[in-house]
Amino acid sequence: GVARREIILEPLVIHEVRDRRKDIVFLIDGSTELGTSNFLRIREFILKIINKFVIGPDAVQVAVVQYSNVASTEFYLNTHSTKPNLQANVKALRSKKGPALNTGAALNYVYKNHFTRSAGSRKEDGVPQFVVLVSGGPSTDSIRLPAFQLKQAAIMTFGIGVGGTNQGEMMEIAFAPMLVYNMTDFQDLINKHKAVQTALLKLGPPTVITESPTIIEVVTEVVTRRDIVFLIDGSVNVGNAYFPALRDFIVRIIEDLGIGVDRIQVALVQYSEDARAEFYLNSYSRKDELLSHVNRLRLKGGRSIKTGAALDYVLRNMFVKSTGSGIDDGVPQILVVVTAGRSQDDVRASAEALARAHIITIAIGINEAEATELQRISFGENLAYRVGDFNGLENIREPVTLSAKSLVFGGIIETHAARKRDIVFLIDGSPGMGRSFPQVREFLLKVIQELDIGPDKDQIAVVQYSHDPKTEFELNTYTSKDEVLAATTQLRRKTGRVLNTGAALNYVTKNVFITSAGSRRDTGATQILVLITAGKSRDDVGQAAFAVKRAGIVPIAIGAKSADTSELLQIVYESNFIFKLRDFRELPSIQKELISKVKTVFIVEEITAVNTEVLPEVSKRDI
């Protein structure tokens, strides 16, 4: 079998040390949209940070990388060995400008080009390694794998978002929730520089804790094998003028793959109004033959695209044994969709069918492709990429190739009606709920009415919270629907001073989703948490939300009134598990969708990057 190690990023053991040595790489937004005045404020922020440090080969070393659609090094860690030199070069920084903000590609660039001995990194000598990311907007590419790589390497990334950044994205980038900073504007960034400076001064090399190995009952070749299908837009959206650029993008990806019958197999389909297979997974076993065919490809043609039908086509015709797929043998199945326009049909049903078939879909959009459509197609939002034109494909090639080569499933399980579920409703009972509590109670009654309650079916628990949580009834308190409905009818608002959602999440994980309180997690019951909140938490939810997910609980969040969307994003797996309402009078509008989610939720057991090289001994801590 193959021993795989999973990285547990919380709880982290982050040490505070007196060692004055630090290697700090500033990764800064240099996009056109940021503007010159804001870039100058970032420059001032860096100057204020480094002002407190002793600079030199035996003290603090600093590098700066600027990025927009591409990343470029301003100077390396070992370029400037004196403070005056360093300050002069920071003052000389000018915005390079660029049309997009490919944060994922920039993180990957920093990881590969700056944390090496030749670039001045002293990681091998035990010196703490930092990335300080300063961004003024959401990333236009996927950040998941590059962020994961940095964490694996015990490089501590600060996620500093200013203005219109994506809070959930910064949480994923940062090494730990405590290293996420949200600034209202760039003046605020300068004003709050001391918080970042203090953290950089105190933090030492972290210990990244690993779990014991899990033995997977597969042979090594199954992990190293994978099937990759390219589904590409062959319509006028691409046209003869730009088809060569798309073809070259695919060629560059294939050149980086280990092609062979017992290694990686590739198939390609073009589509417009209909789909056409150019070659199948079992058509070629040699890279030179495969590349020769790709280089001979010509545009299929067509005036519009039906992406939904094309996704259905590849599922029925490409990911099957007869055309070479190893899907029945557990071989990872990857679909790379490249589209340059809006689909004329619905993509949702086909995309969900691919997910149920354990196929990981990466979606790439160019020009007129819609971001929301790409997110529906992709397995997860972080596997959706969008570029402004065909020249931008090269900027995302590395992360796309890395995803295609290294993502595997532990498995997706669709929960059918017969599957048992443990459902805990965690309800805001604070003053912020106000007179809306009866509306929430009525909503609960209607949802519960649609569930199949019983000891071997669905079980329900209800917890209210404000400054502290209170269990109304546990999962095993009632065994019939009538009893649960009667108890729910008797609910009254708890009241309380403030709203501590983090503490409440911790409480349900430790006290409600446990065997003694009726949880059947150990016997395979799906664990679902439905949070209903009217306000922003007074305490931090990041660590508690991580613990919820780590316990195998699927969180769904319903927020109204003053609920904070960025906070809800931290709590759930993906943004489609959030229902954001103006007020609780809108609850009936989401009733059907919530019940559907509860009944058919997919449990993503694992989607992770694997390393096919020999893994180190368990006792070692080289991550």
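Anything mentioned here points back to the structure above.
Described below are features of the structure shown in this document. What you see is a predicted model; the values in this text were computed from it and never measured.

Concerning the sheet that holds strand β10 (residues 264–271)
The six strands are arranged β11-β10-β9-β12-β13-β14 in an open sheet whose pairing can be described as mixed. Edge positions in the sheet fall to β11 (275–279) and β14 (384–387), since each of these pairs with one other strand and no more. Strand-to-strand twist in this sheet, taken as the mean axis angle between neighbours without regard to direction, amounts to 20°. In this sheet, β11 lies alongside β10 in antiparallel orientation, the contact comprising four bridges.

Remarks on unusual backbone geometry
A positive phi angle is found at Lys97, which is not glycine, with a value near 65°. Residues other than glycine seldom take positive phi values, yet Thr495 does so here, at roughly 70°.

Let's talk about empty space enclosed by the protein
Scanning all chains against the criterion turns up one cavity of 30 Å³ or more. Of the volumes computed, that of the largest cavity is approximately 30 Å³. Ser142, Arg144, Leu145, Pro146, Leu383, Tyr385, Pro399 and Ser403 are the residues that line the largest cavity. Counting only elements with at least two residues in the lining of the largest cavity, the list comes to α4 (144–152) and α14 (393–406). In terms of residue class, the lining of the largest cavity is built from five nonpolar, two polar and one charged.

Overview of the packing of helix α3 (residues 103–113) against α4
Here α3 crosses α4 at 30°, and the two axes come no closer than 8 Å. With respect to α4, the axis of α3 lies roughly parallel. Helix-helix and strand crossings are classified by hand; for α3 and α4 the assignment is left-handed. Only Pro146, Gln149 and Leu150 of α4 make contact with α3, whose side of the interface consists of Gly104, Leu107, Asn108 and Tyr111. Class assignment of the residues belonging to the contact of α3 with α4 gives a composition of four nonpolar, three polar and no charged.

Focus: the nonpolar core
Val424, Phe425, Leu426, Ile460, Leu529, Ile558 and Leu594 are the most contacted members of the largest nonpolar core, which has 62 residues in total. With seven residues, helix α15 (residues 437–449) is the largest single contributor of residues to this core. Apart from the residues lying within four places of it in its own chain, the contact partners of Leu594 are Phe443, Val447, Val530, Ile556, Ile558 and Phe579. Listed in part, the 59 residues of the second largest apolar core include Met156, Ile160, Met171 and Leu179.

Conventions adopted
Residues numbered from 1 in each chain as written. Predicted model: local features only at pLDDT ≥ 70, side-chain atom pairs only at ≥ 80, totals over all residues. Heavy atoms only, no water. Pairing = 2+ DSSP bridges. Helix = DSSP H or I, 4+ residues; strand = E, 2+ residues; numbered from the N terminus. Axes fitted to C-alpha atoms, helices over the stretch in contact; angles between N-to-C directions. 1 Å grid on protein atoms, 1.4 Å probe; cavity = no way out; pocket = protein on both sides within 12 Å on 5 of 7 lines; lining within 4 Å. Points joined across faces, edges and corners; volume = space filled by probe spheres on them. Nonpolar A, V, L, I, M, F, W, Y, C, P; charged D, E, K, R; others polar. Parallel < 35°, antiparallel > 145°, perpendicular 65-115°, else oblique. Left-handed = near helix turned anticlockwise from the far one by under 90°. Contact = heavy atoms within 4.5 Å. Core = buried A, V, L, I, M, F, W, Y, C linked by side-chain atoms within 4.5 Å. Buried < 20%, exposed > 50% of the residue type's maximum accessible area, 1.4 Å probe, protein only.

Function-wise, these values are silent; they only describe arrangement.
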